Amino acid sequence: QVQLVESGGGLVQPGGSLRLSCIASGFTFSTYAMSWFRQAPGKGRDLVASISGTGGATNYVTSVQGRFAISRDNAKSTVYLQMNSLKPEDTAVYYCNANRRTDRSTYWGQGTQVTVSS
């Protein structure tokens, strides 16, 4: 059974930091690119950052470059999102995603809420 379980969300003041984690099970983690998406209230789900299966390549949306860092530990089947200098506009539900181009398989986590507010 495939599972992606996110954790680490919460309420933080502007300028603060959070580290999200996503633990995967039920599939061969290292063969999947991993991404973090977010969905703010009333808006669509947008890509935030992605990382290749080996961890050698990363990609970020412009609005988080220099503030967020995605990483992965294939031995622990876990992907992380370190979020620094958080802004109110970063408030959203953050979702973990696994995808593999070869067979177009994709999996989603249940999401974790991040709220940036004073």
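Up top is the structure.
The following refers to the structure shown. Fair warning: this is a prediction, and the values are worked out from it, not measured in the lab. (Residues numbered from 1 in each chain as written. Predicted model: local features only at pLDDT ≥ 70, side-chain atom pairs only at ≥ 80, totals over all residues. Heavy atoms only, no water.)

**Looking at unusual backbone geometry**
What counts, and what does not: Per the convention used, a helix needs a DSSP run of H or I reaching at least four residues, while a strand needs a run of E reaching at least two, with both numbered from the N terminus.
Phi angles above zero are rare outside glycine, and Ser77 is one such case at about 50°. Along the chain, Ser77 falls in the loop between β7 (68-73) and β8 (78-83). Backbone geometry at Ser85 places phi at a positive 50°, although glycine is not the residue there. Along the chain, Ser85 turns up in the loop between β8 and β9 (92-100).

**Notes on the nonpolar core**
Side chains that are nonpolar tend, in soluble globular proteins, to be buried together. Formally: The definition of a nonpolar core used throughout is a set of buried Ala, Val, Leu, Ile, Met, Phe, Trp, Tyr and Cys residues joined through side-chain atoms within 4.5 Å. A 1.4 Å probe rolled over the protein chains alone gives each residue an accessible area, and that area as a share of the maximum for its type sets the label: buried under 20%, exposed over 50%, partly exposed in between. Contacts are assigned to residue pairs that have any heavy atoms within 4.5 Å of one another.
Among the nonpolar cores identified, the biggest contains 28 residues, and Met34, Trp36, Val79, Leu81, Met83 and Tyr94 are the most heavily contacted of them. Broken down by secondary-structure element, the contributors of at least two residues to this core are β3 (18-25), β4 (33-39), β5 (45-51), β7, β8, β9 and β11 (112-116). Once residues within four sequence positions are removed from consideration, Leu81 is found in contact with Leu18, Arg19, Leu20, Trp36, Val48, Ala49, Phe68, Ala69, Ile70 and Tyr94.

**What about the sheet that holds β3?**
The criterion, for reference: When DSSP locates at least two bridges between a pair of strands, those strands are taken to pair. Angular values range over 0 to 180 degrees, each being the angle between N-to-C directions of two axes fitted as lines to C-alpha atoms, with helices fitted over their stretch in contact.
Spatially, the 4 strands line up as an open sheet ordered β1-β3-β8-β7, and their pairing is antiparallel. Edge positions in the open sheet fall to β1 (3-7) and β7, since each of these has one partner strand only. When strand polarity is set aside, the average angle formed by the axes of neighbouring strands in this sheet is 15°. In the sheet, β7 pairs with β8 via 6 bridges, with the strands oriented antiparallel. By the bridge assignment, Ile70 is partnered in β8 with Leu81.

**Focus: the side chain of Thr112**
Filter applied, for reference: By the criterion applied in these results, polar contacts are pairs of N or O atoms within 3.5 Å in which, for protein atoms, one can donate a hydrogen and the other can accept it, and in which residues neighboring in sequence qualify only through two side-chain atoms.
Mapped onto the fold, Thr112 is located in strand β11. Among the polar contacts made by the side chain of Thr112, one reaches the main-chain amide nitrogen of Gly9 at a distance of 3.3 Å. With residues near it in sequence (within four places) discarded, Thr112 still touches Glu6, Ser7, Gly8, Gly9, Leu20, Ala92, Val93 and Tyr94.

**A word on the packing of aromatic side chains**
For clarity, the cut-off: Aromatic pairs are defined between Phe, Tyr and Trp rings, using the six-membered ring for Trp, whenever the two ring centres lie within 6.5 Å; interplanar angles under 30 degrees are classed as stacked, those over 60 as edge-to-face, and all others as tilted.
As enumerated under the stated definition, the model contains 5 aromatic pairs in all. Centroid distance Phe27 to Phe29: 6.5 Å. Interplanar angle 45°. Geometry classified as tilted. Like Phe29, Phe27 is buried. Geometrically, the ring pair formed by Tyr32 and Tyr107 is tilted, given 5.7 Å between the ring centres and 35° between the ring planes. Of the two residues, Tyr32 is situated in the loop between β3 and β4 and Tyr107 in strand β10 (residues 105-108); the sequence distance between them amounts to 75 residues.

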